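A structural walkthrough
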Amino acid sequence: MAIERTLSIIKPDATRRNLTGQINAHFEEAGLRIVAQRRLKLTPEQAKGFYAVHSERAFFNDLCEFMCSGPVVVQVLEGEGAVAKNREVMGATNPANADEGTIRKAFGESIEANSVHGSDSAENAAIEIGFFFSQCDIVG
């Protein structure tokens, strides 16, 4: 499997509960390296831009409002098969359906407040990483 990079966002529900370190420990224990990281508070414009792919969906406005409700931690994870590995470590979108030992099972509060976001493909990872980071921000 190839070395890949993927975007991870630790969502406002998790930063509010000071879970950043515990969540990052899950990534690192799974063999993913954090090669870029930034804590920020998304503006409505940033949230709408990032989630534009969902703009026609009923949950779009609620999602954007939630993602602006507190700080997030955006980061680039690197490792073998990073996209799939990150999705495995995160678990199912709905914490109630997530496997034991996954981030969303351990920390998720609801489908929306599920503690983490992760890219769903290598192509989307490149786009999402570029939304938050320039190449010089990523230190491998």
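Throughout, a residue's number is its position along its own chain's written sequence, starting from 1. Only residues with pLDDT of at least 70 are given local features in this predicted model, and only at 80 or more are side-chain atom pairs given and counted; all residues enter the totals for whole chains, interfaces and linings. Only hydrogens and water are removed before side-chain values are computed, so all heavy atoms of the structure are retained for them.

**Quick look at the overall build of the chain**
Test applied: Strands are runs of DSSP state E lasting at least 2 residues, helices are runs of H or I lasting at least 4, and numbering of each runs from the N terminus. Radius of gyration here uses only the C-alpha atoms, and the compact-globule reference equals 2.2 Å multiplied by the residue count raised to the power 0.38. Pairs of residues are marked as contacts when any of their non-hydrogen atoms sit within 4.5 Å. Each accessible area value is a Shrake-Rupley result obtained with a 1.4 Å probe; residue values ignore everything except the protein chains displayed when judging cover.
When helices and strands are tallied, the chain shows seven helices and four strands. Mapped in sequence order, the helices and strands of the chain form the string β-α-α-β-α-α-β-α-α-β-α. Expected size for 140 residues packed as a compact globule is a radius of gyration near 14 Å; at 14 Å, the chain falls within 12% of this value. Considered along the principal axes of its C-alpha atoms, the chain spans approximately 35 × 35 × 25 Å. Contacts spanning at least 24 positions in sequence make up 77% of the contacts within the chain whose residues lie at least 6 apart. Accessible surface, the chain: about 7100 Å² in total, of which carbon and sulfur atoms supply 50%.

**Section: the nonpolar core**
We apply this condition: In plain words, nonpolar cores are sets of buried Ala, Val, Leu, Ile, Met, Phe, Trp, Tyr and Cys residues tied together by side-chain atoms within 4.5 Å. Three labels apply to residues, based on accessible area from a 1.4 Å probe with only protein chains included: buried if under 20% of the type maximum, exposed if over 50%, partly exposed otherwise in between.
Judged by nonpolar contacts, the single largest core of 23 residues is most densely connected at Ile9, Leu42, Tyr51, Met67, Phe132 and Phe133. Listed by contribution, the elements that provide at least two residues to this core are strand E1 (3-10), strand E2 (33-40), helix H3 (44-50), helix H4 (60-67), strand E3 (72-80) and helix H7 (122-132). Among the elements that take part in this core, H4 stands out by supplying five residues, more than any other. Not counting residues up to four positions away in its chain, the partners in contact with Leu42 are Ala47, Met67, Cys68, Val72 and Phe132.

**Focus on the environment of Val89**
Among the structural elements, Val89 can be located in helix H5 (residues 82-90). By relative accessible area, which is 10% here, Val89 ends up buried. When the C-alpha positions of Val89 and Glu29 are compared, they lie 9.6 Å apart, and in sequence the two are 60 residues distant. When residues no more than four places from it in sequence are discounted, the contact partners of Val89 are His26, Phe27, Ala30, Thr102 and Ile103.

**Thoughts on the sheet that holds E1**
Let me state the cut-off plainly: Strands pair, by our definition, only if DSSP identifies at least two bridges between them. Angles shown run from 0 to 180 degrees and are taken between the N-to-C directions of axes, each axis being a line fitted to C-alpha atoms and, for helices, limited to the stretch in contact.
Spatially, E2-E3-E1-E4 is the arrangement adopted by the four strands of the open sheet, whose pairing is antiparallel. Lying at the two open borders of the sheet, with one neighbouring strand each, are E2 and strand E4 (116-118). Across this sheet, the average inter-strand angle for adjacent strands is 20°, counted without regard to direction. One ladder, built from three bridges, connects E1 with E4; its direction is antiparallel. Bridging across to E4, Ile9 finds its partner in His117. Taken strand by strand, H7 contacts E1, E2, E3 and E4, and its axis lies near 55° from that of E1.

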